[in-house]
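Okay, here's what each chain looks like letter by letter:
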Amino acid sequence: MKRTKHLLCSDLDGTLLGDTAALAEFSRRWDDFRRRTGAALAYVTGRSVESVTKLLDETPELPWPDAIAGDVGTSLYLPKELAWDDAYHGSFKPTWDRGRIESIVMRHSGPERQGEAGQGPLKSSWYWKHAPRASLEALEAALMLAGLRCRLVYSADEFLDILPAGAGKHSAVRRLAERFRVPHASVLVAGDTGNDTDMFTVEGVKGVAVGNAHKELIKALKKAPATHMLLARANHAAGVMQGCRFAFGEAFEPAAARSKS
Ligand SMILES: [Mg+2]
């Protein structure tokens with residue numbers, strides 16, 4: 001794969017999605033930026049890859065990405081090559097035991113299993129409104145005690161995803177930077193909720209939390225170096241554009257704006 005200068009890893013729901021006019025503007029800007037610089041775009045989302053491809057068919061404003069990291073970063077698909085990244089999945093498969101994970105979660109009161117569409121090959125998903133931190137910790141401890149190497153990602157005060165240990169949006173961003181041969185300093189991550197926090201922990205990357213971001217993400221970002229993180233004023237796709245200007249600088253401005261300055 002040829003070297004790319006910039007990489008944007010963006011969440012979809014609540015981040016790029018939510019304002020159709022802003023998304024259309026983002027799409028125009030991104031296409032221009034990609035044409036000039038060869039930048040790569042990846043969607044890093046809780047949705048399944050199938051759900052993202054369906055969304056792409058239904059949403060003409062959404063640019064076609066170079067990669068889709070679905071199921072909270074545990075399924076990696078390269079649409080232009082029509083290829084799954086099996087080496088990436090293979091690194092997590094040996095430790096994954098859905099049956100045992102589910103039987104332990106079901107012994108706890110609170111979590112309710114999401115339907116089949118919410119489950120991923122390497123993701124077990126549950127609804128759990130207002131889960132107390134102590135209950136989440138108790139569940140994590142029970143899974144660990146059973147020898148299951150997995151991690152809990154709790155988001156938007158409602159969604160619980162259980163993933164293989166070491167897997168998630170952070171490992172997807174690392175893998176994408178490697179595949180597109182982009183140094184971390186030229187990677188921008190964009191998100192709006194707790195399950196995006198993971199992406200911002202990748203060493204050296206720049207990040208933008210959109211203006212409508214949940215408190216859980218903003219709180220986590222305040223701990224990161226300010227030179228690398230932007231809390232955008234604008235919401236949704238307009239916030240992502242502010243992030244692109246912050247991370248990619250003048251290169252992201254359209255040609256007309258650049259020639260004026
Ligand atoms: Mg989101």
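Attention here is on the structure that accompanies the text.

So, how was this worked out
Residues numbered from 1 in each chain as written. Predicted model: local features only at pLDDT ≥ 70, side-chain atom pairs only at ≥ 80, totals over all residues. Heavy atoms only, no water. Pairing = 2+ DSSP bridges. Helix = DSSP H or I, 4+ residues; strand = E, 2+ residues; numbered from the N terminus. Contact = heavy atoms within 4.5 Å. Axes fitted to C-alpha atoms, helices over the stretch in contact; angles between N-to-C directions. Disulfide = S-S within 2.5 Å. Buried < 20%, exposed > 50% of the residue type's maximum accessible area, 1.4 Å probe, protein only. Lys, Arg positive; Asp, Glu negative; His and termini not counted. Salt bridge = Lys/Arg side-chain N within 4 Å of Asp/Glu carboxyl O. Polar contact = N/O pair within 3.5 Å; in protein donor to acceptor, adjacent residues only side chain to side chain. Parallel < 35°, antiparallel > 145°, perpendicular 65-115°, else oblique. Nonpolar A, V, L, I, M, F, W, Y, C, P; charged D, E, K, R; others polar.

As for the sheet that holds strand β5 (residues 83-84)
Next up, step 1: The eight strands lie next to each other as β5-β4-β3-β2-β1-β10-β11-β12, forming an open sheet whose pairing is mixed. Strands at the two margins of the open sheet, each flanked by one partner only, are β5 and β12 (229-231).
Next up, step 2: Pairing of strand β11 (residues 206-209) with β12 involves three bridges; the strand directions are parallel. Each residue of the ladder has a partner; that of V208, found in β12, is L230.
Next up, step 3: Along the sheet, helix α8 (residues 169-179) makes contact with β1 (7-10), β2 (40-44), β3 (67-69), β4 (75-78) and β10 (187-191), crossing β1 at roughly 160°.

With respect to the state of the cysteines
Next up, step 1: For the structure on display, the rule yields zero disulfides.
Next up, step 2: A disulfide-free cysteine, C9 has its sulfur positioned 11 Å from the sulfur of C244, the nearest such atom.
Next up, step 3: Note on C244: relative accessible area 0%, which makes it buried.

Here's the deal with the side chain of D192
Next up, step 1: Note on placement: D192 falls in the loop between β10 and α9 (197-200).
Next up, step 2: For the buried residue D192, which engages in no salt bridge, the nearest side chain bearing the opposite charge is K169, 6.6 Å off.
Next up, step 3: At 3.1 Å, the side chain of D192 and the side chain of T15 are in polar contact.
Next up, step 4: Ignoring anything within four residues of it in the chain, the contact list for D192 reads D11, D13, G14, T15, V210, N212, A213, H214 and L217.

With respect to the packing of helix α2 (residues 20-37) against helix α11 (residues 236-248)
When two helices pack together, their arrangement is given by the angle between the helix axes and by the axis-to-axis distance.
Next up, step 1: Between α2 and α11, whose axes approach to 8 Å, the crossing angle comes to 30°. The angle between the axes of α2 and α11 places the two elements in the roughly parallel class. Where α2 approaches α11, its residues A22, L23, E25, F26, R29, W30 and F33 are matched on the opposing element by A237, A238, V240, M241, C244, R245 and F248.
Next up, step 2: In the contact of α2 with α11, the residues fall into eleven nonpolar, no polar and three charged.

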